[in-house]
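# Report on the structure
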Amino acid sequence: MHITLNINLLVIFTLIGGLIVLFWPKLFERLKPLRYIIGIGLLVFGLMNLFGIHIEIVN
């Protein structure tokens with residue numbers, strides 16, 4: 001598997017957005033598990049895009 005670093009605005013915004021959603025204390029106060037799921041999901045997708053790992057969608 002060949003991994004290359006691909007840093008663009010989408011990667012930066014996804015990683016920063018994931019950190020903001022994960023660590024913003026007043027965001028989704030009643031739905032704290034949803035905040036963690038969204039934050040971790042954004043971080044995972046940002047890291048996957050950073051390293052060039054793409055999910056192939058098969059129809």
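Residues numbered from 1 in each chain as written. Predicted model: local features only at pLDDT ≥ 70, side-chain atom pairs only at ≥ 80, totals over all residues. Heavy atoms only, no water.

### Observations regarding helix α1 (residues 9-23)
The first and last C-alpha atoms of α1 sit 21 Å apart over 15 residues, in line with the 21 Å expected at 1.5 Å per residue. Three or more residues of α1 are buried, namely V11, T14, G18, V21 and L22. For α1, the angular spread of buried residues about the axis comes to 110 degrees, placing them on one side. Exposed and facing more than 90 degrees away from the buried side of α1 are L9, F13 and F23. Next to the buried residues of α1 lie α2 (32-50). (Helix = DSSP H or I, 4+ residues; strand = E, 2+ residues; numbered from the N terminus. Expected span 1.5 Å × (residues − 1). Buried < 20%, exposed > 50% of the residue type's maximum accessible area, 1.4 Å probe, protein only. Arc of directions from axis to C-beta. Contact = heavy atoms within 4.5 Å.)

### Regarding α2
The first and last C-alpha atoms of α2 sit 27 Å apart over 19 residues, in line with the 27 Å expected at 1.5 Å per residue. Burial in α2 covers these residues: R35, G39, L43, G46, N49 and L50. All buried residues of α2 lie within an arc of 130 degrees about the axis, which places them on one face of the element. Turned more than 90 degrees off the buried face of α2, the exposed positions are P33, I37 and F45. Each element contacted by the buried residues of α2 is listed here: α1.

Read these as geometric descriptors, not functional statements.
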